[in-house]
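Descriptive structure summary
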Amino acid sequence: MASLVLVLYKAALNVLYYSGLYKLLSPATRGEGIIFTLHQINNDPVEDFSPNSILRVTPEFLESTIQTVKAEGYDIISLDELHDRLKTGNKSNKPYAVFTADDGYKDNRDLALPVLKKHNVPLAIYIVSDYSNHQGELWWFALEDIIKNSSAIQNPYNKGEVLEAVTTEQKFRAFDKIYWPMRRSNQHEQRATIREMAKAHDYDIDALSKNLVMNWEELRELNKEPLITLAAHTKSHFAIATLSEEEADEQIKIGMDIMEKELGEKATHFSFPYGSNCAANKRDFELVKKFGFKTAVTTRKAVLYKEHKDHMMALPRVSLNGEYQHQRYIKTFLSGLPFRLKNKWQKLDVE
Ligand SMILES: [Zn+2]
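Residues numbered from 1 in each chain as written. Predicted model: local features only at pLDDT ≥ 70, side-chain atom pairs only at ≥ 80, totals over all residues. Heavy atoms only, no water.

This part takes up the overall build of the protein. The helix and strand tally for the protein stands at 15 helices and 12 strands. In summary, the protein has a C-alpha radius of gyration of 20 Å against a globular reference of 20 Å for 351 residues, a match within 12%. In terms of overall dimensions, the protein has a C-alpha envelope of 60 × 50 × 40 Å along the principal axes. Burial status across the protein gives 56% buried among its 351 residues. The positive charge centre, built from 46 side chains, and the negative charge centre, built from 48, are 6 Å apart in the protein. (Helix = DSSP H or I, 4+ residues; strand = E, 2+ residues; numbered from the N terminus. Rg over C-alpha atoms; globule rule 2.2 N^0.38 Å. Buried < 20%, exposed > 50% of the residue type's maximum accessible area, 1.4 Å probe, protein only. Lys, Arg positive; Asp, Glu negative; His and termini not counted. Charge placed at Lys NZ, Arg CZ, Asp CG, Glu CD.)

Written as structure tokens, this is what we have:
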């Protein structure tokens, strides 16, 4: 998705890298460590119109990232160890990196796990109980597929408007026009709307979770792997900040309870769906405390500083994004510098 913002952001990252600034300032800005976010890890071809490919990296890129992180002197540790190091101080004199993956995609097991085992790298996978029940709506994939296979789309947010979707450019335009209103809308309406669209286009939305996400039996098997931590990601993948406190609570609790029933153990780590400022905020960081999680992660971009020890329910992460599959970006991310620049030099973004 070659949006202008992305082009500018990449250009800025390249300036920090090629000027050597990232390296110069790294001792002051890199902090304690970093948590990486993954989603899908596979070699599926990136077609001209694949707006969700930003959520996908190749197993080869994962492997070279692990190698870069190690070569830069980082310990790669589990979420439990991150919790201990943040809480009681990092006794190792090395910074640390943690790998996490959201939503429970089958390719995490099939294509990432062999790489992780080869390098002895732990991975936390955040599970959405509806998706692992093979229910619910992976609406962003459905929207992409529906637009990919259509030449015209009714805009559900502007009734009467028909969006042409013949060329790749038109498809991107249609996607952008629907994606953001859909993401921000009332979460129940969001799911009803994507189901209506699926019906109108004869698209099987229920096949998505079945095809892409691990079920409980598969998760029980995967949970035997010592490198894997299964963690909670709510019941239905709703943006928590958009819900009433009561419903937010229920989404987290039901997701946890189903996980505990299916896996025979309580989840001790949590990830906010979407995790952006609009999807998880101060109220929600307070709200998750009562569930007893050791950590809760967002997708607010930053590295970890000692000060995060008082904000364990609002930890930042850095996405391993399909658009940034080059090791120079990883080195620049590790320095923490791009995020300090973006956050007005603040270490913490926890409001
Ligand atoms: Zn997610």
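All right, on to unusual backbone geometry then. If you check the backbone angles, H237 has positive phi at about 60° while not being a glycine. Relative to the helices and strands, H237 is located in the loop between β9 (228-232) and α12 (245-263). Positive phi is not limited to glycine here, since W345 has a value of about 70°. In this fold, W345 is placed in the segment after α15 (337-342). Judged by relative accessible area, which is 41%, W345 ranks as partly exposed.

Summarising burial for strand β1 (residues 33-38): 6 of the 6 residues are buried, a large majority. Alternating positions in β1 separate into two faces, G33, I35 and T37 on one and I34, F36 and L38 on the other, with burial throughout. Sheet topology note: the β1/strand β5 (residues 96-102) ladder contains 6 bridges and is parallel. From the neighbouring strand, G33 faces β5, where its bridge partner is Y96. The pairing of β1 with strand β12 (residues 318-319) spans 2 bridges and is classified as parallel. Within β12, the position partnered with T37 by the bridge is S319. (Pairing = 2+ DSSP bridges.)

Turning our eyes to something else, we now look at the packing of helix α7 (residues 139-148) against helix α8 (residues 168-184). Packing of α7 against α8 brings their axes to within 10 Å, and their N-to-C directions diverge by 155°. As the angle between them shows, α7 and α8 are arranged roughly antiparallel. Crossing of α7 over α8 shows right-handed handedness. For the pair formed by α7 and α8, the contact residues are W139, W140, L143, E144, I147 and K148 on the first element and K171, A174, F175, I178, Y179, M182 and R183 on the second. Taken together, the residues of the contact of α7 with α8 break down into 9 nonpolar, no polar and 4 charged. (Axes fitted to C-alpha atoms, helices over the stretch in contact; angles between N-to-C directions. Parallel < 35°, antiparallel > 145°, perpendicular 65-115°, else oblique. Left-handed = near helix turned anticlockwise from the far one by under 90°. Contact = heavy atoms within 4.5 Å. Nonpolar A, V, L, I, M, F, W, Y, C, P; charged D, E, K, R; others polar.)

Glancing now at helix α2 (residues 21-29). Helical geometry: 3.6 residues make up each α-helical turn, so side chains three or four residues apart lie on a common side. Buried residues of α2: Y22, S26 and T29, and no others. Buried residues along α2 cover an arc of 90° about the axis, so they all sit on one side. Exposed residues on α2 whose side chains face more than 90 degrees from its buried face are L24, P27 and A28. Where α2 is buried, its residues contact α1 (4-18), α14 (327-334) and α15. Looking at the residues trailing α2, positive phi occurs at G31, about 65°. (Arc of directions from axis to C-beta.)

With 5 of its 5 residues buried, strand β6 (residues 123-127) lies for the most part within the structure. Both faces of β6 are covered, namely the face carrying L123, I125 and I127 and the face carrying A124 and Y126. In the sheet, β5 pairs with β6 via 4 bridges, with the strands oriented parallel. Residue D102 lies in a different strand from β6, and its bridge partner there is Y126. Note on the crossover from β5 through helix α5 (residues 106-119) to β6: the handedness is right-handed. Across 5 bridges, β6 lies against β9 in parallel orientation. Bridge pairing in β9 links I125 to L230. (Right-handed = clockwise from strand over helix to strand, strands pointing away.)

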